Amino acid sequence: ASTPYLRVTPSMLRRQTGRRGTDAWMALNGKVYNVTPYAKFHPGGVPELMRGAARDGTRLFGEVHPWVNYENMLTACLVGIMVDEPESTT
Ligand code: HEM
């Protein structure tokens with residue numbers, strides 16, 4: 001069965017901070033993950049993980065632990081793929 005991908009724009013990602021009742025989303029290499037269910041297991045702690053919340057965490061992740069296989073760990077947390085903001089029609 002194929003995974004139904006959500007197409008996530010930068011403005012959608014920016015709202016997913018993990019605060020105000022939202023889940024925390026993080027983009028890594030073009031894919032978007034909901035990291036909230038994983039947060040309590042993160043060996044580096046929640047605040048460190050949340051440095052990459054609501055944004056593209058690819059560079060930060062790679063600076064800290066490029067050996068970590070996040071794709072396997074977050075398979076069940078995959079939200080979708082990053083896409084460009086749609087052209088404004090106004
Ligand atoms: C460990 C930060 C995202 C998985 C750590 C540590 C830090 C850190 C500072 C070291 C903890 C220690 O040794 O005391 C961050 C930051 C992230 C991030 C700033 C935001 C981009 C993630 C994600 C995953 C992850 C998305 C996996 C889904 C791990 C694992 C370790 C770790 C498995 C242990 C690595 C080892 O000891 O070899 N993280 N992390 N982290 N983090 Fe992250």
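Residues numbered from 1 in each chain as written. Predicted model: local features only at pLDDT ≥ 70, side-chain atom pairs only at ≥ 80, totals over all residues. Heavy atoms only, no water.

**Some points on the confidence of the model for the protein**
Consideration 1: For the protein, per-residue confidence averages 95 on the pLDDT scale, and 96% of positions sit at 70 or higher.
Consideration 2: Of the two predicted TM-score estimates for the complex, the pTM is 0.93 and the ipTM is 0.94. (pLDDT = per-residue confidence, 0-100.)

**Some points on the coordination of the iron atom of the ligand**
Consideration 1: Protein coordination at the iron atom of the ligand: the donors are H42 (NE2) and H65 (NE2), at 2.0 to 2.1 Å from the metal.
Consideration 2: Around the iron atom of the ligand, the 6 donor atoms are arranged such that angles at the metal cover 88 to 179°; this shape is classified as octahedral. Taken together, the positions of H42 in the loop between β3 (31–34) and α2 (46–50) and H65 in the loop between α3 (58–64) and α4 (70–73) put the pair 23 residues apart, joining distant regions of the chain. We note that H42, like H65, is buried. (Donors = N, O, S within 2.8 Å, 3.2 Å for Na, K, Ca; no water. Tetrahedral: all angles 85-135°; square planar, octahedral: opposite > 155°, others 65-115°. Helix = DSSP H or I, 4+ residues; strand = E, 2+ residues; numbered from the N terminus. Buried < 20%, exposed > 50% of the residue type's maximum accessible area, 1.4 Å probe, protein only.)

**Quick word on the packing of aromatic side chains**
Consideration 1: Under the counting rule described, the total for this entry stands at 2 aromatic pairs.
Consideration 2: Put simply, the rings of Y33, F61 and Y70 touch in pairs and so form one group of aromatic residues. (Phe/Tyr/Trp six-rings, centres within 6.5 Å; stacked < 30°, edge-to-face > 60°.)

**Describing the nonpolar core**
Consideration 1: Counting 13 residues, the largest nonpolar core has M26, L28, Y33, V35, L49, Y70 and L74 as its most contacted members.
Consideration 2: Contact partners of L74, with chain neighbours within four places excluded, come to Y33, V35 and Y38.
Consideration 3: Of all hydrophobic cores here, the second largest spans 6 residues; its members include L13, W25, V32 and V79. (Core = buried A, V, L, I, M, F, W, Y, C linked by side-chain atoms within 4.5 Å. Contact = heavy atoms within 4.5 Å.)

**Considering the sheet that holds strand β5 (residues 78–82)**
Consideration 1: Spatial ordering of the open sheet is given by β1-β5-β3-β2-β4, a layout of 5 strands whose pairing is mixed. The open sheet has two edge strands with one neighbour each: β1 (6–8) and β4 (55–56). (Pairing = 2+ DSSP bridges.)

**A closer look at the pairing of strand β2 (residues 25–28)**
Consideration 1: Here β2 shows a buried face lined by W25 and A27 and a second buried face lined by M26 and L28.
Consideration 2: Two elements, β2 and β3, share 4 bridges in a ladder whose sense is antiparallel. Paired with M26 across the bridge in β3 is Y33.
Consideration 3: Between β2 and the antiparallel strand that follows it, β3, lie 2 residues; N29 among them carries a positive phi value of about 50°.
Consideration 4: Of the pairings in the sheet, the one linking β2 to β4 comprises 2 bridges and is parallel in character. Across the sheet, residue A27 finds its bridge partner in β4, namely D56.

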